[in-house]
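# Geometric and topological summary
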Amino acid sequence: MKQYNKCSEGIIKDLITIVGEKNVITDIARLAPYSQDEVTDERFHHLPEAVVFPENREQVAQIIRLANREVIPVTPRGAGTGLAAGAAPMYGGIVLSLEKMNRIVEVNSEHLYMVVEPGVRTQDIQKAASDAGLLYAGDPSSGENCLIGGNIATNAGGNKAVKYGTTRHQVYSVEVVTPTGEITELGGLLNKSTSGYCLEQLIIGSEGTLGVITQATIKLMPLKIYKMDFLAVFPDAETAIGSVYKLMKAGVDPTSLEYMDNEAINVCARYLKESYPFQQEGNYLIITVESDTEDELDAKAVRIDEICNCNGAIAMLVPDSKKIWTARRAFGDANREECYIHSPEDMVVPVKQLPYAMKQFMQICREHQALGRVVAHAGDGNVHLTIMQGQICAENWAAKIDEIVNDLLTFTYSIGGRMSGEHGVGSKRKKWMHKFADPVQLRMMQAIKQALDPVGILNPGTIFELE
Ligand SMILES: Cc1cc2nc3c(=O)[nH]c(=O)nc-3n(C[C@H](O)[C@H](O)[C@H](O)COP(=O)(O)OP(=O)(O)OC[C@H]3O[C@@H](n4cnc5c(N)ncnc54)[C@H](O)[C@@H]3O)c2cc1C
């Protein structure tokens, strides 16, 4: 395993020279929040030796060059809402918080793009777009907290990915500081390019291991005029999930197609102190559609109604949109509040396998006497199965959750799925990468990492180990 140097007093002085005293933290109490993201399992928490807050790209580049010279690990960090422990500094060293680089540089409503620094909150980007009468289509459920740099680094998905794709589909270009401290812009304001490797797409989703994102040009699009949410209530997971593929091929082009099982509805109800339709027995599909005309919207509504009713829906409702989306977005917080010991998993499977996969996932939970709750970006085949501590005692949790995840991933890979649809590998899933990733592909990834980051300073121990 690679040996790194500690941040000596001299290195802290160098950091202060680069970013100023107010932008360097070294005292333990203030370092503690930077030892973790939203992963609650303490096995994945690591205290940094310093947190630095650069205010511009040149400062980022100087920090990275210093880290190369002194062999100090650097972990880029956005808001720390990640669910893979990617922003937790596995080998200590420097946490590089991008939160002070938080300017919206340009909103260009004429040519439909926005230039942003990495520390802009996703929700603020959505608002700036909608203030200009436009849409930014990235929409992770954590949008009011997470930052665009984190979204790009994790290729965040979310509630509109079924129609508009994930964050990688929203990006024209990224400015990065490379792992050796050079500044470059990858991509451009282009709708096509076959001019060598597509390096901006390599950076997107690389979880801070191949470059520090210091600016991005993201896509905007015209807002659709008409929009409607439907709540289809089903008696069980089978009928709800069985409707997903039918809705996908029916031409209704859903903007969102989200599933909440009965357990998920009830934990959100308890957390938010709310009640929801058919709360005792229901399983939900939240279906959003958009259109340019009222007639088109009506036609989509009729089609959705037919499909869900034919598939066994017990009710088709036009819900209070704010209330139902608040519930959907609260799922993570609700589980965390109910029990700190839990593990949110993020498998993605081919949509055609979703009904079978959902059955098997729940069967695996039952076999281990574990309580599983599910919300899913169902239209993407992305299942957020949260495994709660339930009857498992705290001392046995680490071993037990590893057994459960091993079984879940053995099954997932057997049907052509992957361990994460959008949260990433981080250090939380790293050992599963070594077990389940195709060895040829893993070697390709490791070779890319070694070529771009020869000293191995940028977010080491995230996604995979090199040795
Ligand atoms: C309640 C809740 C709901 C969520 N819902 C969704 C969802 O719907 N869809 C989804 O995809 N995710 C979701 N997430 C997970 C998380 O919000 C996303 O992964 C998000 O993109 C992380 O952004 P962040 O700013 O918090 O990044 P962080 O957690 O700080 O970092 C995440 C990773 O990105 C790297 N990174 C951060 N900034 C940079 C940068 N500027 N340059 C290079 N690397 C960088 C870090 O090193 C780390 O590996 C949810 C999380 C919570 C807690």
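For the structure, see preceding data.
These notes cover the structure that comes with them.

Basis of the calculations
Every residue gets a number counted from 1 within its own chain, in the order that chain's sequence is written. Two thresholds apply to this predicted model, a pLDDT of at least 70 for residue-level local features and 80 or more for giving and counting side-chain atom pairs, whereas whole-chain, interface and lining totals are computed over all residues. Just so you know, side-chain values use all the structure's heavy atoms and leave hydrogens and water out. In DSSP terms, a helix is any run of H or I states spanning at least four residues, a strand is any run of E spanning at least two, and both are numbered starting from the N terminus. Taken over C-alpha atoms, the radius of gyration is set against a globule rule of 2.2 Å times the number of residues to the power 0.38. Each residue's exposure class comes from its accessible area (1.4 Å probe, protein chains only) as a fraction of the maximum for that residue type: buried when under 20%, exposed when over 50%, partly exposed otherwise. Here, two residues are considered to be in contact whenever any of their heavy atoms come within 4.5 Å of each other. Areas reported as accessible are Shrake-Rupley estimates using a 1.4 Å probe. Residue values count occlusion only from the protein chains shown. Arc definition: directions from the helix axis to the C-beta atoms. As defined here, a cavity is a set of points on a 1 Å grid over the protein atoms alone where a 1.4 Å probe fits but cannot get out. A pocket is an open set with protein on both sides within 12 Å along at least five of seven lines, and residues line them when an atom is within 4 Å of a point. Grid points are joined across faces, edges and corners, and a volume is the space filled by probe spheres set on the points. Throughout, the ten residues Ala, Val, Leu, Ile, Met, Phe, Trp, Tyr, Cys and Pro are labelled nonpolar, Asp, Glu, Lys and Arg are labelled charged, and all others, Gly among them, are labelled polar. Between any two strands, at least two bridges found by DSSP are needed for them to pair. Angles shown run from 0 to 180 degrees and are taken between the N-to-C directions of axes, each axis being a line fitted to C-alpha atoms and, for helices, limited to the stretch in contact. Think of it this way: one heavy atom of a residue within 4 Å of a molecule or strand is enough to make that residue near it. Polar contact is defined as a pair of N or O atoms within 3.5 Å, subject to the rule that within protein one atom must be able to donate a hydrogen and the other to accept it, and that residues adjacent in sequence are counted only when both atoms are side-chain atoms. Domain borders in the structure are assigned automatically or taken from a domain database. Take the buried residues of types Ala, Val, Leu, Ile, Met, Phe, Trp, Tyr and Cys, join any two whose side-chain atoms come within 4.5 Å, and each joined set is a nonpolar core. Only a pair of cysteine sulfur atoms within 2.5 Å counts as a disulfide in this structure description. Any Lys or Arg side-chain nitrogen located within 4 Å of an Asp or Glu carboxyl oxygen qualifies as a salt bridge.

## Considerations on the overall build of the protein
- When helices and strands are tallied, the protein shows 16 helices and 19 strands.
- Against the 2.2 N^0.38 benchmark of 23 Å for 467 residues, the protein shows a C-alpha radius of gyration of 22 Å, consistent with a compact globule.
- Seen through its principal axes, the protein has C-alpha atoms that stretch 70 × 60 × 45 Å.
- Within the protein, the fraction of its 467 residues that count as buried is 56%.
- Long-range pairs, those at least 24 residues apart, make up 73% of the contacts in the protein between residues at least 6 apart in sequence.
- Carbon and sulfur atoms make up 51% of the accessible area of the protein, which amounts to about 19900 Å² in all.

## Looking at helix H12 (residues 331–338)
- Within the span of H12, buried status applies to Phe331, Ala334 and Asn335. Taken end-on, H12 shows its buried residues confined to a sector of 95 degrees, consistent with a single buried face.
- Looking at the buried side of H12, the elements it contacts are helix H9 (262–272), helix H11 (321–329), strand E16 (342–344), strand E18 (371–377) and strand E19 (382–388).

## As for empty space enclosed by the protein
- Under the counting rule described, the total for this entry stands at one cavity of 30 Å³ or more.
- Space inside the largest cavity adds up to approximately 40 Å³.
- The wall of the largest cavity is formed by Glu38, Val39, Thr40, Leu83, His342, Pro344 and Lys428.
- Class assignment for the residues of the lining of the largest cavity results in three nonpolar, two polar and two charged.

## Re the sheet that holds strand E10 (residues 212–219)
- Pairing in this open sheet of five strands is antiparallel, and the strands run E5-E6-E10-E8-E9 from one edge to the other. This sheet does not close on itself; its edge strands, each paired only once, are strand E5 (104–108) and strand E9 (183–187). Across the sheet, the mean angle separating the axes of adjacent strands is 15 degrees when strand polarity is ignored.
- The strands that helix H4 (residues 122–131) touches are E5, strand E6 (113–116) and E10; relative to E6, the one it contacts most, it runs at about 145 degrees.

## Re the sheet that holds strand E3 (residues 74–77)
- Pairing in this open sheet of four strands is mixed, and the strands run E1-E2-E4-E3 from one edge to the other. With partners counted over all chains shown, the strands left at the sheet margins are strand E1 (24–25) and E3, one partner each.
- In this sheet, strand E4 (residues 94–97) lies alongside strand E2 (residues 50–52) in parallel orientation, the contact comprising three bridges. Bridged to valine 51 within E4 is valine 95.
- Running over the sheet, helix H3 (residues 57–70) touches E2, E3 and E4 and is turned about 165 degrees from E4.

## Observations concerning the site of the ligand
- Around the ligand sit 35 residues in total, of which Pro76, Gly78, Thr81, Gly82 and Ser142 are the nearest.
- A distance of 2.9 Å separates an oxygen atom of the ligand from a polar atom in the backbone of glycine 157.
- One of the side-chain N or O atoms of asparagine 459 is found 3.2 Å from an oxygen atom in the ligand.
- Computed on the free molecule, the ligand has an accessible area of 980 Å², of which 95% lies beneath the protein chains in the complex.
- Those elements giving two or more residues to the shell around the ligand turn out to be E3, helix H5 (148–154) and E10.
- Of all the elements, H5 adds the most residues to the shell around the ligand, at five residues.
- Two domains each donate at least three residues to the shell around the ligand, and these are domain 1 (104–222) and domain 3 (339–424).

## Some words on the nonpolar core
- Formed by 52 residues in total, the largest nonpolar core has its most connected members in Tyr259, Leu285, Ile287, Phe361 and Leu385.
- With seven residues, helix H14 (residues 397–414) is the single largest residue contributor to this core.
- Lining this core are residues from two domains, each supplying at least three of them: domain 2 (226–332) and domain 3 (339–424).
- Discounting chain neighbours no more than four positions away, the residues touching isoleucine 287 are Met228, Asp229, Phe230, Ala232, Leu247, Pro254, Ser256, Leu257, Ile304 and Cys308.
- Core analysis: the next-biggest nonpolar cluster, separate from the first, contains 25 residues, Leu98, Met101, Ile457 and Leu458 among them.

## Describing the state of the cysteines
- Evaluated as defined, the whole model comprises zero disulfides.
- Looking at cysteine 339, it has no disulfide partner, and the nearest cysteine sulfur is the one in cysteine 393, 12 Å off.

## Some words on the layout of surface pockets
- By volume, the second largest pocket is sized at about 830 Å³.
- Contributing to the lining of the second largest pocket are 35 residues, with Arg168, Gly205, Glu207, Val425 and Met445 lying nearest its centre.
- Only helix H7 (199–203), helix H15 (430–436) and helix H16 (439–452) provide two or more residues apiece to the lining of the second largest pocket.
- Counting residues per element, the lining of the second largest pocket draws most heavily on H16, at four residues.
- Residues of the lining of the second largest pocket, tallied by class, amount to 15 nonpolar, 13 polar and seven charged.

## Looking at the pattern of salt bridges
- The final tally for this structure, using the stated rule, is 28 salt bridges.
- Glutamate 49 is the partner of lysine 6 in a salt bridge, and the nearest nitrogen-oxygen pair spans 3.5 Å. Residue lysine 6 is found in the segment before helix H1 (9–19), and its partner glutamate 49 is found in the loop between helix H2 (28–31) and E2; the two are separated by 43 residues along the sequence.
- A relative accessible area of 61% places lysine 6 in the exposed class.
- On the accessibility criterion, glutamate 49 (18% relative accessible area) is buried.
- A salt bridge links glutamate 345 to arginine 429, with the shortest nitrogen-to-oxygen separation between them at 3.7 Å.

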